[in-house]
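Descriptive structure summary
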Amino acid sequence: MASLQSSYAVLCTTPHHRNPASSKPFSAKPSTYARRSNAVHVSCNGGADQKPTSEGRVDRRNMLLGLGGLYGASNLISDPKGASASPIQAPEFTTCGTAHDVGSGDPLDVNCCPPVSETIVDFKLPPVHKMRVRPPAHKVTKEYLAKFEKAIALMKKLDVDDPTDPRGFMQQANIHCAYCNGAHDQPGTNIDIQVHNSWLFFPFHRWYLYFYERIMGKLIDDPTFTLPFWNWDNPKGMQIPKIFDNEKSSLYNSNRNQANRPPAIIDLGFSGETDDLQLVVNNLSIMYSENIRSVNSTLDFMGQAYRAGDQPGGGAGMGSSERGSHISAHVFVGDPRNKYNEDMGNFYSAGRDVLFYCHHANVDRMWSIWRTLPTDVPKEIKDPDFLNASFLFYDENKQLVRVKVGDSIDHKRMGYEFEKVDIPWLNYKPSKKAGKVKIQTLAKDVETADKLFPLTLKEITRVLVPKPTKGKADEVLVLENIVTDSTKFIKFDVYINDEDDKPTVMDKAEYAGTFAQVPHKTKAKKSNGSINLKLTDIYDDIDVADDDTVVVTLIPRSNGKDVTIGGIKIIPAPPKSA
């Protein structure tokens, strides 16, 4: 009982850095919630029409779950090592603080904190009676577009009529700011919550879009309404959809890169290629790589583990999709005329562009596609610290609800699916190299890792790396202790035994994968981590024969001077499951 009392005391103490009252139009009103120990409202009875508990009642089971306490630990899958479970828990809105600019560390001139509610209910997915279908943005009908524009216009109208309505356009945009720029802390700590750079990336954004759609449907009285997806993985959708480029539309945003307005083709590799055809084939090669070819394990795709008490990770914690096409689309759209590439080019402001939600609808689609791929990589994460991680969102009825990662794994259980379109990258495996590389010739004048690393990637660099096994083998390339300036957009690509020096061409057998990050806030300005890139298929395609070394080429795409790689090595492929 002592531990129960202790947990209750934590729940009801005064927040350690509560956001003060603000005169800014989108600030949350100050609340007495944390000081009123007899007014805690928590419920375990979820659903679309859940009712909060009555005044003064405390559901201890839920309270402990919210704090990562006894209930959360006792009902999770047992840890074979006996360690207690520690999933990331939903933040306490009453302790929301100031978001900061990732570059200077200065407080942002915007209040990202949500309105405070004294009632939180645990959300339960409602029964699915009819599947909602998300369409590709480049194929929407006039009738659909009219509904979409009306829904966004009504959300923007709420900004004026009631700035504290959590369904308003700016309030919804600020969700991303608060969860991504350090406004929310892990409960009871001074450690930021970060929903990027880890296995939380896909489920957080899936829940975010889920409630965004429900809010739009409520405002236009159409519960079947869904967001469209920006189909940038298909040649027909590899430009900003034209519905977002009408300056008279509620979908338009002037804070976009004007050079990348339609019909400009998106460059998912940031290769600098100017030929449209080459851009398209580069993009297809990138999609194949980040979903199939470079992925050796579940976490290679999903992102690295992130548990309560962990400091937010940097770009190395990202899965292949997050650090690949996801980041490229953000930077492609962000406006370089703005100091921090607002809106899409920065986490805090990304949600102010409607295109952000459609971009993430396609990111969400990538997760759903990957889960169906017939590869030897397991698609499920069974770790309870993943499944029991939780977030808070406001629903379409302005009710604050708590959701769990485990309830978001199957999008069809959430009542939606994606319109079927061609997926050309599924079969875009690069052609095998015509002839075997003579490693002795290629390696001439190439330094070994011990002479080059740690390496600041100021220019294209080649390094000779030994293999643990001669010839073809199940192996991965490890780039370890990657230290980056977290305030910068950083990207570099990796090639194996690449003979030609054409850094803009990516549809080739030698392409192994990428590292990238967008600016993000961490307590420390530097981020540190490692990434693995699967080499098994590449060995097949370039024919390593009985070679016991390979030449790795590292090509900086953006701010190479701000990344240092501590080491590089090839190891036998580790286990594939999470």
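Residues numbered from 1 in each chain as written. Predicted model: local features only at pLDDT ≥ 70, side-chain atom pairs only at ≥ 80, totals over all residues. Heavy atoms only, no water.

1. A short note on the overall build of the protein
Going by this rule: In this description a helix means any DSSP run of H or I spanning at least four residues, a strand means any run of E spanning at least two, and both kinds are numbered starting from the N terminus. Remark: exposure states derive from per-residue accessible area (1.4 Å probe, protein chains only) relative to the maximum for the residue type, with buried under 20%, exposed over 50%, and partly exposed in between. It only takes one pair of heavy atoms within 4.5 Å for two residues to be counted as in contact.
Along the backbone of the protein there are 14 helices and 14 strands. Residues counted as buried form 60% of the 578 residues belonging to the protein. Considering only contacts in the protein between residues 6 or more positions apart, those separated by 24 or more positions represent 77%.

2. Observations regarding empty space enclosed by the protein
Counted only if it meets this: Cavities and pockets are found on a 1 Å grid laid over the protein atoms alone: a cavity is a set of points where a 1.4 Å probe fits but cannot escape, a pocket is an open set with protein on both sides within 12 Å along at least five of seven lines, and a lining residue has an atom within 4 Å of such a point. Grid points are joined across faces, edges and corners, and a volume is the space filled by probe spheres set on the points. Note that Gly is not counted as nonpolar here; it falls among the polar residues with everything else outside the nonpolar set of Ala, Val, Leu, Ile, Met, Phe, Trp, Tyr, Cys and Pro and the charged set of Asp, Glu, Lys and Arg.
Under the definition given, this model contains seven cavities of 30 Å³ or more. Sorting the residues of the lining of the largest cavity by element identifies helix 5 (169-180) and strand 4 (390-394) as the ones contributing at least two each. Among the elements that take part in the lining of the largest cavity, helix 5 stands out by supplying five residues, more than any other. Residues of the lining of the largest cavity, tallied by class, amount to eleven nonpolar, three polar and no charged.

3. Concerning the environment of Phe244
Tracing the sequence through the fold places Phe244 in the loop between helix 6 (201-219) and helix 7 (276-293). When the C-alpha positions of Phe244 and Arg261 are compared, they lie 9.5 Å apart, and in sequence the two are 17 residues distant. Beyond its immediate stretch of four places on either side in the chain, Phe244 contacts Ala137, Phe148, Leu251, Tyr252, Arg256, Val354, Leu355 and Cys358.

4. Some points on unusual backbone geometry
A cis amide bond links Glu342 to the next residue, Asp343, at an omega of 5°. Following the sequence through the fold, Asp343 ends up in the loop between helix 9 (320-333) and helix 10 (354-370). The peptide bond linking Phe453 to Pro454 adopts the cis configuration, its omega dihedral lying at 5°. The topology assignment puts Pro454 in the loop between helix 13 (449-452) and strand 7 (455-456). A positive phi angle, close to 65°, is found at Lys398, a residue other than glycine. Relative to the elements of secondary structure, Lys398 occurs in the loop between strand 4 and strand 5 (400-404). In the Ramachandran plot, Asp445 falls in the positive-phi region, its phi being about 65° despite a non-glycine side chain.

5. What to know about the side chain of Lys508
Just so we agree on the cut-off: Residues adjacent in sequence count toward polar contacts only when both atoms are side-chain atoms; beyond that, a polar contact is any pair of N or O atoms within 3.5 Å, and within protein one must be able to donate a hydrogen and the other to accept it.
Along the chain, Lys508 turns up in the loop between strand 10 (490-496) and strand 11 (511-517). In terms of polar contacts, Lys508 uses its side chain to reach the side chain of Asp498, at 3.1 Å.

6. Quick notes on helix 4 (residues 142-161)
Defined as follows: To estimate how far a helix should reach, multiply one less than its number of residues by 1.5 Å.
Over its 20 residues, helix 4 runs 28 Å from end to end, which matches the ideal 28 Å to within 8%, given 1.5 Å per residue. Looking at the packing, one finds that the buried side of helix 4 touches helix 5, helix 6 and helix 10.

7. Focus: the pattern of salt bridges
Should their charged atoms come close, side chains of opposite charge can pair. What counts, and what does not: When a carboxyl oxygen of Asp or Glu is within 4 Å of a side-chain nitrogen of Lys or Arg, the pair counts as a salt bridge.
Evaluation of the coordinates by the stated rule reveals 35 salt bridges. Glu419 serves as the salt-bridge partner of Lys139, at 3.5 Å between the closest nitrogen and oxygen. Linking Lys139 in the loop between strand 3 (132-134) and helix 4 with Glu419 in the loop between strand 6 (416-418) and helix 12 (439-442), this pair joins segments that are 280 residues apart in sequence. Residue Lys139 is classed as partly exposed on the basis of its relative accessible area of 48%. Of the charged contacts in the structure, one is a salt bridge between Arg261 and Asp245, with a shortest N-O distance of 2.8 Å. You can see Arg261 sitting in the loop between helix 6 and helix 7 and its partner Asp245 sitting in the loop between helix 6 and helix 7, a full 16 residues away along the chain. Given a relative accessible area of 22%, Arg261 falls into the partly exposed group. Residue Asp245 is classed as partly exposed on the basis of its relative accessible area, which comes to 22%.

8. Quick notes on the sheet that holds strand 10
Put simply, the rule reads: Strands are treated as partners if at least two bridges between them are detected by DSSP. Note on method: axes are straight lines fitted to C-alpha atoms, helices fitted across the in-contact stretch only, with angles between N-to-C directions ranging 0 to 180 degrees.
Read from one edge to the other, the open sheet built from four strands follows the order 8-13-10-11, with strand pairing classed as antiparallel. For this open sheet the edge positions go to strand 8 (461-466) and strand 11, each flanked by a neighbour on one side alone. The sheet shows a mean angle of 25° between the axes of neighbouring strands, taken without regard to direction. Across six bridges, strand 10 lies against strand 13 (residues 549-558) in antiparallel orientation. In the strand pairing of strand 13, Lys491 is matched with Ser558.

9. Some details on the nonpolar core
Here is the rule we go by: Think of a nonpolar core as a cluster: buried Ala, Val, Leu, Ile, Met, Phe, Trp, Tyr and Cys residues, connected wherever their side-chain atoms sit within 4.5 Å.
Ranked by internal contacts, the top residues of the largest apolar core, which has 107 residues, are Phe148, Tyr179, Trp207, Phe244 and Phe391. Excluding residues within four positions of it along the chain, Trp207 makes contact with Phe123, Leu125, Phe391, Phe393, Val403, Lys404, Val405, Asp407, Ser408 and Met414. Ranked by size, the runner-up nonpolar core spans 31 residues in total, among them Val494, Ile538, Val550 and Ile565.

10. Thoughts on the layout of surface pockets
Each pocket or cavity is described by its volume, and for the largest pocket that value is around 480 Å³. As for the largest pocket, its lining consists of 22 residues, of which Pro126, Arg132, Arg214, Pro223 and Thr224 are closest to the centre. By residue number, the principal contributor to the lining of the largest pocket is helix 6, which donates five residues. When its residues are assigned to classes, the lining of the largest pocket shows nine nonpolar, four polar and nine charged.

11. What about the state of the cysteines?
How we decide: Two cysteine sulfur atoms form a disulfide, by the criterion used here, when they sit within 2.5 Å.
Throughout the structure, instances matching the rule amount to two disulfides. The disulfide that involves Cys96 links it to Cys113, with 2.1 Å between the sulfurs. With the S-S dihedral at roughly -85°, the linkage between Cys96 and Cys113 falls on the left-handed side. Of this pair, Cys96 sits in the loop between helix 3 (70-74) and strand 2 (119-122) while Cys113 is found in the loop between helix 3 and strand 2, placing the two residues 17 residues apart along the sequence. The two residues Cys96 and Cys113 agree in class, both being buried. Two residues, Cys112 and Cys177, share a disulfide whose sulfurs are 1.8 Å apart. As the torsion about the S-S bond is roughly 60°, the Cys112-Cys177 disulfide counts as right-handed. Residue Cys112 is located in the loop between helix 3 and strand 2, and its partner Cys177 is located in helix 5; the two are separated by 65 residues in the primary sequence. With respect to class, Cys112 is no different from Cys177; both count as buried. The connectivity of the disulfide bonds within the protein can be written as 1-3, 2-4, using the sequence rank of each bonded cysteine. This cysteine, Cys180, is not joined by any disulfide, and Cys177 carries the nearest cysteine sulfur, 7.9 Å off.

12. Quick notes on the packing of aromatic side chains
To be explicit about the condition: Between 30 and 60 degrees the pair is tilted, below 30 it is stacked and above 60 it is edge-to-face, where a pair is any two Phe, Tyr or Trp rings, Trp via its six-membered ring, whose centres lie within 6.5 Å. Remark: a charge is flagged as sitting over a ring if the NZ atom of Lys or the CZ atom of Arg is within 6 Å of the ring centre and within 35 degrees of the ring normal.
Under the definition given, this model contains 34 aromatic pairs. Aromatic pair Phe148 and Phe244: ring centres 6.2 Å apart, planes at 85°, arrangement edge-to-face. Here Phe148 is found in helix 4, whereas its partner Phe244 is found in the loop between helix 6 and helix 7, with 96 residues between them in sequence. On the basis of relative accessibility, which here comes to 0%, the residue Phe148 falls in the buried class. In this structure Phe244 comes out as buried when scored by relative accessible area, which is 0%. Above the face of the Tyr416 ring, Arg134 is positioned so that its terminal group lies 3.9 Å from the ring centre.

Nothing here speaks to function; it is geometry throughout.
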